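# Observations on the model geometry
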Amino acid sequence: MKLNQAARATFDAMREGITIIDTSGKIVFGNKAYLDFLRKELGEGLGNVEGRVLRELRPGARLPEVLKEGKPILHITRQEIKDFYFVNMYPIYEDGVLTGGISVVTFLEDAYQTREELEAVEARSRQALRSISKANGARYTFADIIAVSPATAQVKALAQQVAANDVTVLLESESGTGKELYAQAIHNASPRREGIFVAINCASFNANMLESELFGYVEGAFTGAKRGGKMGLFEAAAGGTLFLDEISEMDIGLQAKLLRALQEHRIRPLGGVKEVEVDVRVIAACNADLPQYIREGKFRKDLYYRLSTVPLRIPPLRERPEDISPLANAILNQLSHKLRRPFSLTVDAAQRLREHDWPGNVRELRNVLEFSACLTPSGIISRDRLPSHLAQPQVDEALTLAQRTHIFEKREIRRLLAVNGSDLPGKKKTAAQLGISLASLYNKLAYPTGD
């Protein structure tokens, strides 16, 4: 983890003491206010602290506990030999992976007087969190989205238009198509680009845990609640964007609370009596069939309509074969930088990638190329360096010639539909290109090939 000069200058300008550590507990950065504090406690000859283990300098430091738990520690008051202070500590995540922790120390000479002053301190703490999250949060922009096929280009263009308008967006697509990539790009192209981008996977928590993550809780809200309570993601993302992935897996009871938050722009933390105003844009995503979930009673219809102000369907990779080669080249360029040697595909390997159905979409394509790169010291990836299921596609030897013909025909029709579109005009165009009737096209698509 590294901080650029602008971030260092920003933190050095603050009266609060800022400390950032990496996952090994070593100090990555300490601002001027924090270093002045350390010198009072440890002596003027302290020297440079970056790279030193925090607990070797201060054995009682609690910031490493944030790394262990992966959750904030808030509203801590501590007294050292010469100073009495208030501290909030937060974990730092990059792409969902814990990369370090940050503490914000406020020296309480005058601040520990009223509730309003404490709330102002927390607001400054959130600003510090926003600064570090901005550097490591939403990294992707629309320039990172490859859209060669007409279908993908249309979705990308619509997403760029939507980004400028502060509306709720629902990204509907299969797993591995890049929904968070689109969410980050929308955030970075929006008026909220200077705010924080926070992502959470709703399928990773049970109903009670997800409620406390989203809305926070007050002290004493339940057994085990942390002293001072906890800020929820709706508050933490104030002025920015909250990305709710796998929204379909949210408990239906919690969906009612989310709906009210979206409609009223107010939330009530668990155990609280006072509502809190929130200013956050919500982008939701799912790979499930939400209308089917509604019919099954697993998802609220009113929440679906509220979320899908602007629905965006990202086509799966099998529907956009024109994107496969550009995506593969982009991934290989990233691998070339990471592994420090150039990579390229032979013609037959590139052709085999275009023929595959990619049920895991772009995520599967990346995994295939990473696997092949590791097995290719020369950097030239040929067909025999692809995973076995791609290098030698399995054919059931018991199939008759007629059955094999049906499989081939169905795959060719799907390939053309991916280019022409799967709506009625696209199907008519595909049938005309293949020299068959529309009825024949439907019959061939309906043939049970098992794929």
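Look up a bit, the structure's there.
Remember, predicted model here, so these are calculated numbers, not experimental data.

## Focus: the overall build of the protein
- When you go through the protein residue by residue, the secondary structure sums to 19 helices and 14 strands.
- Counting the 451 residues in the protein, one finds 45% classified as buried.
- Considering only contacts within the protein whose residues lie at least 6 apart along the sequence, 63% involve residues at least 24 apart.

## A few points about the side chain of Glu213
- Tracing the sequence through the fold places Glu213 in helix 8 (residues 207–215).
- Of the residues examined, Glu213 reaches a relative accessible area of 13% and is grouped as buried.
- Only 2.6 Å separates the side chain of Glu213 from the side chain of Lys230, close enough to count as a polar contact.
- Those residues in contact with Glu213 that sit more than four places away from it in its chain are Lys71, Ile200, Phe205, Lys230, Gly232 and Leu233.

## Quick notes on the packing of aromatic side chains
- Tallied over the entire structure, the rule returns 5 aromatic pairs.
- Each ring, one from Phe11 and one from Phe29, has its centre 5.9 Å from the other, and the planes form 40°; the classification is tilted. Note that Phe11 is positioned in helix 1 (residues 5–12) and Phe29 in strand 2 (residues 27–30), a separation of 18 residues in sequence.
- Of the residues examined, Phe29 reaches a relative accessible area of 2% and is grouped as buried.
- The residue whose ring lies beneath Lys298 is Tyr293, and the NZ or CZ to ring-centre distance is 4.1 Å.

## Section: the sheet that holds strand 8 (residues 241–245)
- On the basis of which strands lie adjacent, the open sheet formed by 5 strands has the order 7-8-11-6-12 and parallel pairing. The open sheet has two free edges, formed respectively by strand 7 (197–201) and strand 12 (310–313), since each of these has just one partner strand. Shown here is a sheet whose adjacent strand axes are inclined to one another by a mean of 20°, direction ignored.
- Pairing geometry for strand 6 (residues 169–172) and strand 11 (residues 281–286), over 4 bridges, is parallel. In the sheet register, Leu170 faces strand 11, and the bridge partner there is Ala284.
- In this fold helix 6 (residues 150–163) packs onto strand 6, strand 11 and strand 12, with an angle of close to 150° to the strand it touches most, strand 12.

## As for the pattern of salt bridges
- The full count for this structure, using the stated rule, is 20 salt bridges.
- A salt bridge links Lys32 to Asp36, with the shortest nitrogen-to-oxygen separation between them at 3.2 Å. Of this pair, Lys32 and Asp36 both sit in helix 2 (residues 32–42), 4 residues apart, which is roughly one turn of the helix.
- Judged by relative accessible area, Lys32 falls into the exposed class, the value being 52%.
- Between Glu355 and Arg352 there is a salt bridge; the shortest N-O distance is 3.5 Å.

## A closer look at helix 15 (residues 361–374)
- In this model helix 15 runs 20 Å from its N-terminal to its C-terminal C-alpha over 14 residues, within 8% of the 20 Å that 1.5 Å per residue would give.
- Among all positions of helix 15, only Asn361, Val362, Glu364, Leu365, Val368, Leu369, Ser372 and Ala373 are buried.

## Focus: empty space enclosed by the protein
- Applying the stated criterion across every chain, the model contains 1 cavity of 30 Å³ or more.
- By volume, the largest cavity amounts to about 130 Å³.
- Residue lining of the largest cavity: 14 residues in total, with Arg58, Val87, Met89, Ser103 and Val105 positioned closest to the centre.
- In terms of residue class, the lining of the largest cavity is made up of 9 nonpolar, 2 polar and 3 charged.

## Here we look at the nonpolar core
- Of all hydrophobic cores here, the largest spans 34 residues; its most connected members are Leu214, Phe234, Leu244, Ile247 and Phe299.
- Among the secondary structure elements, those contributing two or more residues to this core are strand 7, helix 8, helix 9 (233–236), strand 8, helix 10 (252–264), strand 11, helix 11 (290–295) and helix 12 (301–307).
- Among the elements that take part in this core, helix 10 stands out by supplying 5 residues, more than any other.
- Every residue in contact with Phe299, bar those within four places of it in the chain, is listed here: Ile247, Ser248, Ile252, Gln255, Leu290, Tyr293, Ile294, Tyr304 and Leu307.

## A look at the pairing of strand 12
- Across the two faces of strand 12 the burial differs, with Val310 and Leu312 buried and Pro311 and Arg313 not buried at all.
- Both strand 6 and strand 12 contribute to a ladder of 4 bridges, which runs parallel. Residue pairing in the sheet places Leu171 in a bridge with Leu312 of strand 12.

## With respect to the environment of Val167
- Within the element layout of this structure, Val167 appears in the loop between helix 6 and strand 6.
- Overall, the relative accessible area of 26% leaves Val167 in the partly exposed class.
- Considered as a pair, Val167 and Arg306 are 139 residues apart in the sequence and their alpha carbons are 10.0 Å apart.
- Excluding residues within four positions of it along the chain, Val167 makes contact with Val162, Arg281, Val282, Thr309 and Val310.

## What about helix 6?
- Its 14 residues give helix 6 an end-to-end C-alpha distance of 20 Å, which sits within 8% of 20 Å, the value for a rise of 1.5 Å per residue.
- Buried residues of helix 6: Thr152, Val155, Lys156, Ala159, Val162 and Ala163, and no others. Buried residues along helix 6 cover an arc of 125° about the axis, so they all sit on one side. Residues of helix 6 that are exposed and angled more than 90 degrees away from the buried face: Pro150, Gln154 and Gln161.
- In the core, the buried residues of helix 6 are packed alongside strand 6, helix 7 (179–188), strand 11 and strand 12.

Calculation rules
- Residues numbered from 1 in each chain as written.
- Predicted model: local features only at pLDDT ≥ 70, side-chain atom pairs only at ≥ 80, totals over all residues.
- Heavy atoms only, no water.
- Helix = DSSP H or I, 4+ residues; strand = E, 2+ residues; numbered from the N terminus.
- Buried < 20%, exposed > 50% of the residue type's maximum accessible area, 1.4 Å probe, protein only.
- Contact = heavy atoms within 4.5 Å.
- Polar contact = N/O pair within 3.5 Å; in protein donor to acceptor, adjacent residues only side chain to side chain.
- Phe/Tyr/Trp six-rings, centres within 6.5 Å; stacked < 30°, edge-to-face > 60°.
- Lys NZ or Arg CZ within 6 Å of the ring centre and 35° of its normal.
- Pairing = 2+ DSSP bridges.
- Axes fitted to C-alpha atoms, helices over the stretch in contact; angles between N-to-C directions.
- Salt bridge = Lys/Arg side-chain N within 4 Å of Asp/Glu carboxyl O.
- Expected span 1.5 Å × (residues − 1).
- 1 Å grid on protein atoms, 1.4 Å probe; cavity = no way out; pocket = protein on both sides within 12 Å on 5 of 7 lines; lining within 4 Å.
- Points joined across faces, edges and corners; volume = space filled by probe spheres on them.
- Nonpolar A, V, L, I, M, F, W, Y, C, P; charged D, E, K, R; others polar.
- Core = buried A, V, L, I, M, F, W, Y, C linked by side-chain atoms within 4.5 Å.
- Arc of directions from axis to C-beta.

These figures capture arrangement, not role.
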